[in-house]
Amino acid sequence: MIKRLIFFLAFLVTAGLVTATIIVSSTYTTTGETLKKLEFQKERLSQENKDLERLILEKTSLHYLTELAQSRGYVPPQDSLTISDPSSPVALSN
Amino acid sequence: MTIRLQVFKSFILLTSLVILARLFYWQVINRDALTLAAESQRSTTQLVPADRGNIISSDGYTLVTNQPSYLLYAYLPQLEQPQLTISHQLAPLLIDANPTDATEAAKPLSERISVLESALFSKLTDPDKKWVALQRHLGKSQKENIENLNLLGLGFDQTYVRFYPEASMSAHLFGFVSHDEQGEPKGYFGIEGRYDLELRGRPGKINLDTDAAGRPILIGLFNINPERKGRHLKLHLNRSIQSIVENRLDKGLEKYGAAAGDVIVMDPFTGGILAMASLPKYDPRYFYNYDSSSYKNPVIADTYEPGSTFKVVTMAAAVEENAVTPDTICDSTCDGPVTIGKYTIRTWNDQYQPGETMQQVLERSDNTGMIFTAFELGKEKFVDYISRFGFGQPTGIDLQEESAPPLRDKWGDIDVATASFGQGIAVTGIQMVRAVAAIANGGNLVEPRVVSEVIADQTIPVKPTITRRVISSETARTLTDMMVSATSHGEAQWTFLKDYDIAGKTGTAQVAISGHYDEEKTIASFIGFAPAYDPKFVMLVKLREPTSSPWAAETAAPLWHQIAEDILFELNIPPKHSSN
């Protein structure tokens, strides 16, 4: 009777360990897969971010803005009036 | 039965021994090789490229950064479609719509596509190769267009190239990035060359165990050696001033019919380079399409005879040594042409003003008056001051390929006489700017600097360096007055900005060719600073062989004033008599 009980317990422990090994291995495998996907996604987003940064740089460059302004009919100022060193605050001069 | 059992036992024993021997061989004798083979099967090393650092203008705008570039290749055994079809489909997508080469650009597009198609076909049908590179430097959109063709056997290798949002702004200043002998990216010329180590960074490595499908095994090996990204460089360069300078220089070259032109704008107090441009320029993105002689920055690498702009140096030395004052009257030297040995020296217009003052000598740019000044100062002191003003030695500017023409070893009277008005002495543009900056800032010779900060984990400022004091602040002030007067009363007075105090000097030097001066060809330059009594910048404008007029007063001077007017407006510096 005791021999059977020990055999049964040993079987249960072995079965439990095998099951645990399968579950853990399976989990690790799928986590590895998920990790790879996440890394790929991170790389893609980082690349997209850099593309957008470059686009912003292009659209804010003086070169681009000058061409855009010219195409819309803006011209550089031909004359300018400089107001400086007012003797009294302009708002109070009247 | 017993015999059969004995045989069976012996068989088992023998088999066990064989297995044991084999295991011993694998686990003991061949252990290292097998361990290595196993590790190579499951271990993967991933290289993490280090981004090259950016180059940033003083207002924080990125002037140079990185962008992906692709190499299109074909693995010939995998090609499914006929090579003729593939080359026919690829050629229109790979053709350069705007070739930099003028001969190529002149050809009709259809002809260029046809030539490219033939070239692709010959590569795809090469019997000696399995792998062929079809085209380099492809952009992202080109890659996507080719991918959409779904042609089996074609692939892409990704690399990074430099990206210039402001088009090819200041190519000579930036330099370019190519490859070294090991195929690693390396900067050449300009900032890219000088700061290559700071910009390039160090790639990282990740060692990890992967399964058969290449997925990481989380309980396995994972060693990470992080990459060190390249450091960013922040410049003194003002993007708006650089743009003004480039546009004005471009128009100036056309207007005055000059073969080449340079402009340098520098902060006289810090030595910070606010703008630097040279034309003709090259496109750093396609540097390989240009002759290598165009890579050098003329402002720091080309030498020229400065002509009359050098007179301010001679005069500063003489005033500092009390050899002359602005009111000193020239003796008989100024009465007519000066003869030294077998040489006769005349004024630029062959007119002579007996009894003129030093102030008038500078205003009229009188060569004979400068000979008087130099001889009053004395040969030894004159040569010493030339050296003290930084001529004959590199300025130390943080750009690659700076040259410094040496001063002559022996100085005869004729050498002193000609050097006093800037002939017979070779200088670089940056040396002239540095010398005049010493007058502008009160007497200190500063080291020109392009980079203001190196940005890594922390920001490291590049501090201004004063090399030495050359003249006293009093002498600097006197020279400033004389240069203001030279601008407002000199031969270029018609160009000057009436609402600002401008201190400047024109210079027209003949070009030395094969040991003699060419009568027709000149280098016209104007150097000065503004506002004269609170200078924000010192600027040199130099035009090579202008054809509209050989004189600086009619070419370089008006261009200088046009640029200065724009810069003063950009820097929000009010004129002297602004409205209240």
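Computed from a predicted model, the values in this text were never measured in an experiment. (Residues numbered from 1 in each chain as written. Chains lettered and ligands numbered in written order. Predicted model: local features only at pLDDT ≥ 70, side-chain atom pairs only at ≥ 80, totals over all residues. Heavy atoms only, no water.)

Asker: Describe the overall build of chain B, naming the residues involved and giving the relevant values.
Answerer: Looking only at helices and strands, chain B features 19 helices and 23 strands. For chain B, whose C-alpha radius of gyration is 34 Å, the value lies well above the compact-globule estimate of 25 Å for 580 residues. Principal-axis analysis of the C-alpha atoms places the extent of chain B at approximately 140 × 60 × 55 Å. Burial status across chain B gives 49% buried among its 580 residues. Taking contacts inside chain B between residues at least 6 apart in sequence as the whole, the part at least 24 apart equals 72%. (Helix = DSSP H or I, 4+ residues; strand = E, 2+ residues; numbered from the N terminus. Rg over C-alpha atoms; globule rule 2.2 N^0.38 Å. Buried < 20%, exposed > 50% of the residue type's maximum accessible area, 1.4 Å probe, protein only. Contact = heavy atoms within 4.5 Å.)

Asker: So what about the pairing of strand β18 (residues 451–455) of chain B? Which residues, and what values?
Answerer: All names here are of chain B. Here 4 bridges tie strand β10 (residues 232–235) to β18, and the two strands are oriented antiparallel to one another. From the neighbouring strand, Lys-234 faces β18, where its bridge partner is Glu-453. Sheet analysis places β18 next to strand β19 (residues 459–461), joined by 3 bridges and oriented antiparallel. Bridged to Ile-455 within β19 is Thr-459. Between β18 and β19, which follow one another and run antiparallel, lie 3 residues. (Pairing = 2+ DSSP bridges.)

Asker: Help me get a handle on the packing of helix α12 (residues 311–320) of chain B against helix α14 (residues 367–377) of chain B, residues and values and all.
Answerer: All names here are of chain B. For the pair α12 and α14, the least separation of the axes is 9 Å and the interaxial angle reads 35 degrees. Crossing of α12 against α14: the hand is left-handed. Taken together, the residues of α14 that come into contact with α12 (itself represented by Lys-311, Thr-314, Met-315, Ala-317 and Ala-318) are Asn-367, Met-370, Thr-373, Ala-374 and Leu-377. Looking at the contact of α12 with α14 residue by residue, the classes come out as 6 nonpolar, 3 polar and 1 charged. (Axes fitted to C-alpha atoms, helices over the stretch in contact; angles between N-to-C directions. Left-handed = near helix turned anticlockwise from the far one by under 90°. Nonpolar A, V, L, I, M, F, W, Y, C, P; charged D, E, K, R; others polar.)

Asker: Describe in detail the packing of aromatic side chains, supporting the description with residues and values.
Answerer: All names here are of chain B. The full count for this structure, using the stated rule, is 17 aromatic pairs over all chains. Here the aromatic rings of Tyr-73 and Trp-131 are separated by 5.3 Å at their centres, their planes lie at 25 degrees, and the arrangement is stacked. In this pair, Tyr-73 is assigned in strand β3 (residues 62–75) and Trp-131 in strand β4 (residues 131–138), connecting sequence segments 58 residues apart. Ring centres of Phe-176 and Phe-189 lie 6.0 Å apart, and the angle between their planes is 35 degrees; this geometry places the pair in the tilted category. On the criterion of sequence distance, the pair formed by Phe-176 in strand β6 (residues 176–179) and Phe-189 in the loop between β7 (185–188) and α8 (190–194) is long-range, its members being 13 residues apart. Here Phe-176 matches Phe-189 in class, with each residue buried. Taken together, the ring pairs connect Phe-176, Tyr-188, Phe-189, Tyr-282, Tyr-286, Phe-287, Tyr-288, Tyr-290 and Tyr-295 into an aromatic cluster. The positively charged end of Arg-388 is found above the aromatic ring belonging to Tyr-385, 6.0 Å away from the centroid. A cation sits over an aromatic face here: Lys-542 above Tyr-304, 4.4 Å from the ring centre. (Phe/Tyr/Trp six-rings, centres within 6.5 Å; stacked < 30°, edge-to-face > 60°. Lys NZ or Arg CZ within 6 Å of the ring centre and 35° of its normal.)

Asker: Go over the environment of Ala-440 of chain B with me, naming the residues and quoting the values.
Answerer: Residue and element names in this part refer to chain B. Structurally, the position occupied by Ala-440 is in helix α17 (residues 429–440). Its relative accessible area of 9% is what places Ala-440 among the buried residues. Each C-alpha atom of the pair Ala-440 and Gly-341 lies 37 Å from the other, and the pair is 99 residues apart in sequence. Beyond its immediate stretch of four places on either side in the chain, Ala-440 contacts Pro-268, Phe-269, Phe-529 and Pro-535.

Asker: Any chance you could break down the environment of Leu-377 of chain B for me, citing the residues and the numbers?
Answerer: Residues and elements named next belong to chain B. Residue position: Leu-377 is located in helix α14. Its relative accessible area of 7% is what places Leu-377 among the buried residues. A sequence separation of 34 residues divides Leu-377 from Tyr-343, and the C-alpha atoms of the two residues are 21 Å apart. In this view, Leu-377 contacts Ala-317, Ala-318, Glu-321, Ala-323 and Phe-382; residues no more than four positions away in its chain are not counted.

Asker: Any details on the nonpolar core? Residues and values, ideally.
Answerer: Residues and elements named next belong to chain B. Counting residues in hydrophobic clusters, the biggest one holds 88 residues, and the most contacted among them are Ile-191, Leu-235, Met-276, Met-315, Phe-389 and Phe-391. Among the elements that take part in this core, α17 stands out by supplying 9 residues, more than any other. The residues touching Phe-389, leaving out its near neighbours within four places in the chain, are Val-313, Ala-316, Ala-435, Ala-438, Leu-445, Arg-468, Val-470 and Ile-471. Formed by 32 residues, the second largest nonpolar core is a distinct cluster that contains Ala-258, Ala-530, Ala-556 and Ala-557. (Core = buried A, V, L, I, M, F, W, Y, C linked by side-chain atoms within 4.5 Å.)

Asker: Which residues make up the state of the cysteines, and what values do they have?
Answerer: What is meant by a disulfide is a covalent connection between two cysteines, made through their sulfur atoms. All names here are of chain B. Considering all chains together, one arrives at 1 disulfide over all chains under this definition. Through a disulfide, Cys-330 is tied to Cys-334; the S-S separation comes to 1.9 Å. Taking the sign of the S-S torsion, about 90 degrees here, the bridge from Cys-330 to Cys-334 comes out right-handed. Judged by its relative accessible area of 4%, Cys-330 falls in the buried class. (Disulfide = S-S within 2.5 Å.)

Asker: Quick one: what's the story with the pattern of salt bridges, residue by residue and with numbers?
Answerer: All names here are of chain B. This structure, assessed with the given rule, holds 25 salt bridges over all chains. One salt bridge in this structure joins Glu-147 and Lys-143, with 3.1 Å as the shortest N-O distance. Placement of both Glu-147 and Lys-143 in helix α6 (residues 140–147) is noted, with a separation of 4 residues, approximately one turn of the helix. We classify Lys-143 as buried; its relative accessible area is 18%. Across the pair Asp-415 and Arg-408 runs a salt bridge, and its minimum N-O distance is 3.5 Å. When its relative accessible area of 35% is taken as the criterion, Arg-408 is described as partly exposed. Because the salt bridges share partners, they merge into one network encompassing Arg-52, Arg-162, Glu-192, Asp-196 and Arg-200. (Salt bridge = Lys/Arg side-chain N within 4 Å of Asp/Glu carboxyl O.)

Asker: Break down the sheet that holds strand β8 (residues 204–209) of chain B for me, citing the residues and quoting the values.
Answerer: Residue and element names in this part refer to chain B. A sheet is described by the order of its strands in space; here 3 strands give the open sequence β1-β8-β9, paired in antiparallel fashion. In this open sheet, the two strands that pair with only one neighbour each are β1 (43–48) and β9 (222–225). Taking the axes of each pair of neighbouring strands and ignoring which way they run, one obtains an average angle of 10 degrees across the sheet. One ladder, built from 4 bridges, connects β8 with β9; its direction is antiparallel. Along β9, the bridge assignment pairs Leu-208 with Phe-222. Across the face of the sheet, helix α2 (residues 31–42) comes into contact with β1 and β8 while running at roughly 50 degrees to β1.

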